[in-house]
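Fold and geometry: a report
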Amino acid sequence: GRDTRTSGPALSRAIIAGLLATGCDVVDLGVLPTPAVQYLVREHFDAGAVITASHNPPEYNGVKIIEGDGTEMDDTQTICLEGHLFAEEFILAGWESMGTLSAAPEMIHEYITAVAGYWKDIDADGMTVVADPGSGPACESTPQVLTKMGCHVVTINGMMDGTFPGRMPEPSPEGLQPLSELVRNTSAAFGVAHDGDADRAVFVDETGEYLEENEQFALVERFICSKTPGIVVTPVSTSFLAERIAEETGSVVDYTRVGSISVARRMIALAEEGKTVVFGGEGNGGLILPGNQHCRDGAMTAATMVALLKSSGKTLSELRTTLPPHVMLKDKIHTDSPHELLKNAKTAFSGDTLDLTDGVRINRQGMWALLRPSGTEPFMRLYVEAETEKEAEAFRDEITRVISP
Ligand code: MG
């Protein structure tokens, strides 16, 4: 499958040619969201590939490899795969064992039906929703899911277009001003926007206010966990709202390294141990509903927002005010020696509770901070969260002062 980027047709034909030449049978699903490919791979195929650059600008493109269970291939495996590719370690099939090619653009409907039927007890009853697929691959699927649930759907940026004429593939608050305006003008219950391959969904409330993604995570978590308490899996970079809501609902948070693959794999592993894993995802609009599939799914997240609002009887802006106070600061510290800084942090904050799952997370009463080296650039990311801005700033200043060589 592929997203709507202009380089998609060329690249998808290249990968199809390579697969056929090595003897794989290929089914071309056409243009569709990444989670739709993941769902269909899990149901029907041995593996998948999605030509997409997710949230990146239009000139980028890439490949997400999907494993047989529908999860994305992890970094270690991907590096191994690239090794084979660059060393040209592959075996071409003979003429008698070439792969076969077929097209199945209709298979997306199986995914749409599954997502739309997930909250089967919920009737949206004409709730107005504005969908902003951002000219990406969910232009048809997300409006169809919401319509099947009984919503009245209005769309903006609803025509597939790889030049992304309305907004960039990253659904940033700035790019969503037209969505906010349309939500207000149509008296919609909420607006939903996807990134470039629709595995993430972000929201604006009925007043057009952007719902911060950690708040989105917390509201969905509360909805899910108040029905069924259990384990919530999320990376160490997620807001403490996740823990507060878990306490409130008799659930627990299980922390992973940053990255949705770590979350998905952990959810599967815990479930295989017989644990009750009810919810997972990241504080960036990438939510995983394990009853649907173990991957981030933008349409599923939009469907869950409908169910949440219908069940609560409150507006989204009212629900947001029910969350505990929280302020998160995100900073970059420029450094050529990130590991020295991490070592300094471990020594300086040994009196606090440290979590070394990914970088150094410092847990303190009512606040936490995460120091994590960037994978690609000479800086360290610093996240700090507290109940008030003043506390968060003081904690941030303490950390930057103490860890500097
Ligand atoms: Mg994405």
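Please refer to the structure placed before this passage.
The structure contained in this document is the topic of the report that follows. Note that the structure is a prediction, hence the values are computed from the model and not measured. Residue numbers here run from 1 along each chain, matching the order of that chain's written sequence. Local features are withheld for residues below a pLDDT of 70 in this predicted model, meaning they are given only at 70 or higher, and side-chain atom pairs are given and counted only at 80 or more; totals for whole chains, interfaces and linings count all residues. Values shown for side chains rest on all heavy atoms present in the structure; no hydrogens or waters enter the calculation.

1. Here we look at the pattern of salt bridges
The term salt bridge refers to a side-chain nitrogen of Lys or Arg lying within 4 Å of a carboxyl oxygen of Asp or Glu. Applying the stated criterion to the full structure yields 24 salt bridges. Arg 320 is paired through a salt bridge with Asp 205; the nearest N and O atoms lie 3.3 Å apart. One end of the pair, Arg 320, is in helix H11 (residues 316–320); the other, Asp 205, is in the loop between strand S8 (201–204) and strand S9 (210–211), with 115 residues separating them in the sequence. Whether a residue is buried, partly exposed or exposed follows from its accessible area with a 1.4 Å probe, protein chains only, as a fraction of its type maximum: under 20%, in between, or over 50%, in that order. Of the residues examined, Arg 320 reaches a relative accessible area of 18% and is grouped as buried. For Arg 364, the salt bridge goes to Asp 352, with nearest N and O atoms at 2.9 Å. Of the two residues, Arg 364 is situated in strand S16 (residues 360–364) and Asp 352 in the loop between helix H12 (338–348) and strand S15 (353–355); the sequence distance between them amounts to 12 residues. Since its relative accessible area comes to 29%, Arg 364 is described here as partly exposed. Judged by its relative accessible area of 18%, Asp 352 is buried. Linked through salt bridges whose partners overlap, the residues forming this network are Lys 64, Glu 72, Asp 197, Asp 199, Glu 282 and Arg 296. The numbering of helices and of strands both runs from the N terminus, where a helix is a DSSP run of H or I of at least 4 residues and a strand a run of E of at least 2.

2. Some details on the coordination of the magnesium ion
For Na, K and Ca the donor cutoff is 3.2 Å, while for all other metals N, O and S atoms must lie within 2.8 Å; water is not among the atoms, so some sites may look incomplete. The magnesium ion binds to the protein through Ser 54 (OG), Asp 195 (OD), Asp 197 (OD) and Asp 199 (OD); the donor distances cover 2.0 to 2.2 Å. In the primary structure, the donors to the magnesium ion are separated according to the pattern S-x140-D-x1-D-x1-D. One end of the pair, Ser 54, is in the loop between strand S2 (48–51) and strand S3 (63–66); the other, Asp 197, is in the loop between strand S7 (190–194) and S8, with 143 residues separating them in the sequence. For the pair shown, Ser 54 and Asp 197 are each scored as buried.

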